[in-house]
Amino acid sequence: MRFLRRRREEIACRQVVELISDYIEGELPRVQRLRLEAHFAGCEHCTEYLAQMRETIRLTGTLAVEDLTPHMREDLLGVYRRWLAESR
Amino acid sequence: MNQILHLLSLPTMKVNLLAGLAAVAWRSTRPGDAEEGELLERLRAGDEAAFMALVERHQPSMIRLARSFVASPAVAEEVVQDTWLGVLRGIDKFAGRSSFRTWLLKILVNRARTTGAREGRSVAIGDAGPAVDAGRFDATGAWAQPPEHWVQDSLDRLHAQELAETIRTALEELPGRQREVLLLRDVDGLTSEEVCDVLDISEGNQRVLLHRGRSRLRQALEDAAGEAA
């Protein structure tokens, strides 16, 4: 236990920020995940950083979709019609 | 619950087999997949409306991804057109082993890479810089200059528009590989497995690119929040 505790204390904020994406993805091995969580419990800055990464991902997912322009719609319909003609 | 208990009582090999089958069933019944299968059937039968419905559905992902590989918007549109032609010509070869979207995006990436190379656009390799500037930590690796607060403003929608604009600009400025992974994973919501398949990269590589890209976007948001304050 003392060994584990010492390992947990060793993790620095600078290392935490390099592991956060894998942590969010659920890709960290259990021991590393626990070390990170122990760090979050005692570090408000890294907790803030984690919240920021989550918010960054959420915001990236809200980027507006680009509509199909009328000319592209025409072009693509042309592609389909040509394929239909050549495949029949 | 009974089914779960039943599964638990089976020998491991059978459980694995059943879990595998369940995963396949889950994949093919993801929202929209059944509908997509029907659209594909109608497309094969010559239904223009079905083709256009598929085009509408995949257009945003396709055009964004194509623009990541080629410089000009007009050329990106050509890549998308070319991809659809490839899709139509190869439709009988699509066996449904991967999702239609993954298959379609793979074709797009292949064409976009070829076109991008012809355009002379260099393939950007992800930079190896740290997630956060090293100067912001002290000698022990603890924060010396901690992250600025901006999440609450974002959640309160105070600057939602500006933040979205910041993300868009920062995405543009990312090295190509990082941008492609971020577009597919965080904008289009593909699984990491699908991203690896579409871009033909390893799982480890995908994770690193995702990490670097997300870190850069976070920094861009923090910078923008700092300027606004």
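Residues numbered from 1 in each chain as written. Chains lettered and ligands numbered in written order. Predicted model: local features only at pLDDT ≥ 70, side-chain atom pairs only at ≥ 80, totals over all residues. Heavy atoms only, no water.

All right, on to the environment of Leu-171 of chain B then. Following the sequence through the fold, Leu-171 of chain B ends up in helix 8 (residues 160-173). Residue Leu-171 of chain B is classed as buried on the basis of its relative accessible area, which comes to 5%. Once the C-alpha coordinates of Leu-171 of chain B and Glu-77 of chain B are considered, the two residues, 94 residues apart in sequence, prove to be 19 Å apart. Those residues in contact with Leu-171 of chain B that lie beyond four places of it in its chain are Leu-63 of chain A together with Arg-179, Leu-182, Leu-183 and Leu-217 of chain B. (Helix = DSSP H or I, 4+ residues; strand = E, 2+ residues; numbered from the N terminus. Buried < 20%, exposed > 50% of the residue type's maximum accessible area, 1.4 Å probe, protein only. Contact = heavy atoms within 4.5 Å.)

Let's shift gears to the side chain of Ser-61 of chain B. Residue and element names in this part refer to chain B. Tracing the backbone through its elements, the reader meets Ser-61 in helix 4 (residues 48-69). A polar atom in the side chain of Ser-61 sits 3.2 Å from the side chain of Asp-188. Apart from residues lying up to four places away in sequence, Ser-61 is in contact with Leu-105 and Asp-188. (Polar contact = N/O pair within 3.5 Å; in protein donor to acceptor, adjacent residues only side chain to side chain.)

Take the interface of chain B and chain A next. Taken together, the contacts link 62 residues of chain B with 42 residues of chain A. Across the chain B/chain A interface, buried area totals approximately 4800 Å², and carbon plus sulfur atoms make up 60% of it. Summed over the shared surface of chain B and chain A, the result is 6 salt bridges. With its nearest N and O atoms 2.3 Å apart, the salt bridge here joins Glu-25 of chain A to Arg-185 of chain B. Counting the contacts that link chain B with chain A gives 20 residue pairs in polar contact (both at pLDDT 80 or more). Of all the elements in the fold, those that place two or more residues in the side of chain B that touches chain A are helix 3 (33-44), helix 4, helix 5 (73-90), helix 7 (151-155), helix 8, helix 9 (176-187) and helix 11 (203-228) of chain B. For the side of chain B that touches chain A, the per-class residue count stands at 32 nonpolar, 10 polar and 20 charged. (Buried area = accessible area lost by both parts, 1.4 Å probe. Salt bridge = Lys/Arg side-chain N within 4 Å of Asp/Glu carboxyl O. Nonpolar A, V, L, I, M, F, W, Y, C, P; charged D, E, K, R; others polar.)

This part takes up unusual backbone geometry. Residue and element names in this part refer to chain B. Notably, Asp-200 is not glycine yet its phi reads approximately 55 degrees, a positive angle. Mapped onto the secondary structure, Asp-200 falls in the loop between helix 10 (192-199) and helix 11. Look at Asp-200 and you get exposed, because its relative accessible area is 67%.

With 64 residues, the main nonpolar core has Phe-51, Trp-84, Phe-100 and Leu-199 of chain B as its most contacted residues. Broken down by element, the residue count for this core peaks at 10 residues, all from helix 4 of chain B. Once residues lying within four places of it in the same chain are set aside, the contact partners of Trp-84 of chain B are Leu-76 and Val-79 of chain A together with Phe-51, Leu-54, Val-55, His-58, Met-62, Phe-100 and Leu-104 of chain B. Among the nonpolar cores identified, the runner-up in size contains 19 residues, and Leu-19, Ile-20 and Met-53 of chain A together with Trp-143 of chain B belong to it. (Core = buried A, V, L, I, M, F, W, Y, C linked by side-chain atoms within 4.5 Å.)

Because the α-helix completes a turn every 3.6 residues, residues three or four places apart line up on one side. Residues and elements named next belong to chain A. Between its first and last C-alpha atoms helix 2 (residues 13-25) spans 19 Å; for 13 residues at 1.5 Å apiece the expected length is 18 Å, and the two agree. When the local axis directions of helix 2 are compared, the greatest deviation, roughly 45 degrees, occurs at Leu-19. Trailing helix 2 by a residue or two, Gly-26 shows a phi angle of about 75 degrees, which is positive. (Expected span 1.5 Å × (residues − 1). Bend = angle between axes of the 7 residues up to and from the residue.)

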